[in-house]
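This is what each chain is made of:
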Amino acid sequence: MFALEVVEAVANEIGADRVGLRLSPYADYLDSGDSDPTALGVYMAESLNKYGILYCHMVEPRMKLAEESFEMTESLLHMRKAFKGTFIVAGGYDKDDGNKAVAENRTDLVAFGRLFLSNPNLPKRFELNAPLTKHDRNTYCLPDPVVGYTDYPFLEDTS
Ligand SMILES: Cc1cc2nc3c(=O)[nH]c(=O)nc-3n(C[C@H](O)[C@H](O)[C@H](O)COP(=O)(O)O)c2cc1C
């Protein structure tokens, strides 16, 4: 499989301990969807074990339904169990349910996308339980190098 060949080649070049892979088994953007995403995700997670890479990062199936965050019947638990290294999830988490996912051993780490985009010092805000700036969908992926990327205020700038 092409993805595994890439992992092997990169790991051989720079060392498996410097390689991580991010997968979105449930994504279906631009016809990328698979007929059996759970089986594919588990196959990938199992296959990656033999390379000893640093982490496997997967995007939650709920992200398939864009910005809505709600429970779906599919989950990454099968992949989490299949992969022997550090497992990272992303997709619709906030501080509390991220902590819960780690506490319940559903993942080792949680990655934040949109919250980090709109809150440049997100860890500090989490630490202080400070209010979060809402992300603005209208400024996602604009060609402007600043707008939507680096113009959100740091905690110090908010009143
Ligand atoms: C503006 C924007 C650009 C993104 N670009 C990518 C990308 O290039 N590759 C990718 O795998 N995910 C990309 N994502 C998805 C995020 O990495 C993340 O998986 C997603 O936003 C769900 O996590 P969240 O709920 O914490 O935001 C992007 C998300 C946003 C909002």
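Residues numbered from 1 in each chain as written. Predicted model: local features only at pLDDT ≥ 70, side-chain atom pairs only at ≥ 80, totals over all residues. Heavy atoms only, no water.

Looking at the secondary structure, you find Arg62 in the loop between strand E2 (55-59) and helix H3 (77-82). Only 2.7 Å separates the side chain of Arg62 from the backbone oxygen of Gly91, close enough to count as a polar contact. (Helix = DSSP H or I, 4+ residues; strand = E, 2+ residues; numbered from the N terminus. Polar contact = N/O pair within 3.5 Å; in protein donor to acceptor, adjacent residues only side chain to side chain.)

All right, on to a nonpolar patch on the surface then. A surface patch of nonpolar side chains, amounting to about 360 Å² of accessible area, comprises Phe2, Val6, Val10 and Ile14. The exposure class of Val10 is partly exposed, given its relative accessible area of 34%. (Patch = residues over 30% accessible without salt bridge, like charges linked within 9 Å, V, L, I, M, F, W, Y side chains within 5 Å. Areas by Shrake-Rupley, 256 points an atom, 1.4 Å probe, with all protein chains shown as cover. Salt bridge = Lys/Arg side-chain N within 4 Å of Asp/Glu carboxyl O. Buried < 20%, exposed > 50% of the residue type's maximum accessible area, 1.4 Å probe, protein only.)

On to the domain arrangement of the protein. Here the protein is described as being made up of domain 1 (2-111) and domain 2 (113-159). Once you take the C-alpha centre of each, domain 1 and domain 2 turn out to be 25 Å apart. Taken together, the contacts link 7 residues of domain 1 with 7 residues of domain 2. The contact between domain 1 and domain 2 buries some 560 Å² in all, and 46% of this surface belongs to carbon and sulfur atoms. On the surface where domain 1 and domain 2 come into contact, there are 0 salt bridges. Per-class residue counts for the side of domain 1 that touches domain 2 are 3 nonpolar, 1 polar and 3 charged. (Domains from an automatic or database assignment. Contact = heavy atoms within 4.5 Å. Buried area = accessible area lost by both parts, 1.4 Å probe. Nonpolar A, V, L, I, M, F, W, Y, C, P; charged D, E, K, R; others polar.)

Turning our eyes to something else, we now look at the environment of Ala3. Looking at the element boundaries, Ala3 is found in helix H1 (residues 2-14). Looking at Ala3, the relative accessible area reads 28%, which means it is partly exposed. Separated by 18 residues in sequence, Ala3 and Leu21 place their C-alpha atoms 9.4 Å apart.

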